[in-house]
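# Structural overview
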Amino acid sequence: MRNSRSDSSPPADAPTVMAARDVRVWFPITAGFWGRTRNYIKAVDGISVTIRAGHTVGIVGESGSGKTTLGLALLRLLRSEGRIHFGNHDVQRLSSSALRPLRREMQIVFQDPYGSLSPRLSVGQIIGEGLQVHRLGRSPSERRAMIDEVLHEVGLDPDIQDRYPHEFSGGQRQRIAIARAMVLRPRLVVLDEPTSALDMSVQAQIVDLLRELPARHRLAYLFISHDLRVVRALSSEVIVMRAGRVVEHGPTAQVFDDPKDPYTRALMAAALDLVAVE
């Protein structure tokens, strides 16, 4: 796995895909017979982030820091406070029906390639489900051709459409999950620990695949991970979270090579220790 991004970095003035300001997700802590709110778990506490076309924003932090909660809130899969704009749309103000057409443009790839794919559906059905929901493709044959194309793009043989997830390795399943998101040609993909359940050699292959897609499709990523090596390989900028808040934010090279916050320095030191052990 390469440790730094290539020199062909996306332009800093690329169009903004998503801009979020002061996003908060607070879970109430209740007590007593009447269940009155006594306090809050501030899972995400006033975070702002801008994601541009072709860019990857990495989110790092220890378990429980709020990384995944932030990603789900930005996609409005969790209720949150604050302002979230996707293109020209104020996501927080849209009704569920008004938000539905935007769902195809905002996709997510989950951590577990085993649990995120239905064992009852074939590969073609898994990838094609979104095409049917969003009424893409004029016929079954046209949708099958779209699935063929995206399978080829993620490095899989299009002939696997009629096979089932249990027939594939973890890395192949994660490619199928990526294909499921990419077939809709989204503008933003949230990647929630997409390599953490994979062997090291397979991780490198998936990272290489993920590096290719943004430049090809002007795609933006929010990349959530505790693996700093993967974050450095993919991200153009990094947000470091702790207890629901941002403790450091900046270009990837700056955050990794010259961290300012003691927590960030501790994360970097722990990652170096892990590499030394391995």
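Preceding this section is the structure that the text describes.
Residues numbered from 1 in each chain as written. Predicted model: local features only at pLDDT ≥ 70, side-chain atom pairs only at ≥ 80, totals over all residues. Heavy atoms only, no water.

### Concerning the overall build of the protein chain
As a reminder, the rule being used: For the purposes of this entry, the term helix denotes a DSSP run of H or I that reaches at least four residues, the term strand denotes a run of E that reaches at least two, and both are numbered from the N terminus. We compute the radius of gyration over the C-alpha atoms and compare it with the globule rule, which gives 2.2 Å times the number of residues raised to the power 0.38. Working rule for contacts: check all heavy atoms of both residues, and any pair within 4.5 Å makes them a contact. The protein chains shown are the only cover counted for residues, whose accessible areas, like all others here, come from Shrake-Rupley with a 1.4 Å probe. This count recognises Lys and Arg as positive and Asp and Glu as negative, with His and chain-terminal groups excluded. Note on charges: their place is set at NZ of Lys, CZ of Arg, CG of Asp or CD of Glu.
When helices and strands are counted, the protein chain shows nine helices and ten strands. The C-alpha radius of gyration computed for the protein chain amounts to 19 Å, which stays within 12% of the reference 19 Å derived for 278 residues, consistent with globular compactness. Projected onto the principal axes, the alpha-carbon positions of the protein chain cover approximately 55 × 50 × 40 Å. At a minimum sequence separation of 6, the contacts of the protein chain that also span at least 24 residues come to 68%. When the accessible surface of the protein chain is split by element, carbon and sulfur atoms take 49% of a total near 14,100 Å². Between the averaged position of the 36 positive side-chain charges in the protein chain and that of its 31 negative side-chain charges there is a distance of 8 Å.

### Some points on the pattern of salt bridges
The test is simple: Note on definitions: salt bridges are taken to be side-chain nitrogens of Lys or Arg within 4 Å of carboxyl oxygens of Asp or Glu.
The tally for this structure, following the rule as stated, stands at 14 salt bridges. Of the charged contacts, one joins Asp-22 and Arg-24 as a salt bridge, the two residues approaching to 2.6 Å between their closest N and O atoms. Note that Asp-227 and Arg-229 form a salt bridge whose closest N and O atoms lie 3.6 Å from each other. Through salt bridges that share partners, Glu-149, Glu-153, Arg-185, Glu-212 and Arg-216 make up one connected network.

### Some thoughts on the packing of aromatic side chains
Let me state the cut-off plainly: Within 6.5 Å between ring centres, the rings of Phe, Tyr and Trp (the latter by its six-membered ring) count as paired, and their orientation is classed by plane angle as stacked under 30 degrees, edge-to-face over 60, tilted in between. Charges are assigned to positions over rings by a cutoff of 6 Å between ring centre and Lys NZ or Arg CZ, combined with an angular limit of 35 degrees from the ring normal.
Using the criterion set out here, one finds one aromatic pair in the structure. Taking the centre distance of 5.5 Å and the plane angle of 50° together, the rings of Trp-26 and Tyr-40 count as tilted. With Trp-26 in strand S1 (residues 16-31) and Tyr-40 in strand S2 (residues 36-52), this pair connects stretches of sequence that are 14 residues apart. The positively charged end of Lys-42 is found above the aromatic ring belonging to Trp-26, 4.5 Å away from the centroid. Between Arg-187 and the ring centre of Phe-86, over which it is positioned, the NZ or CZ distance is 5.0 Å.

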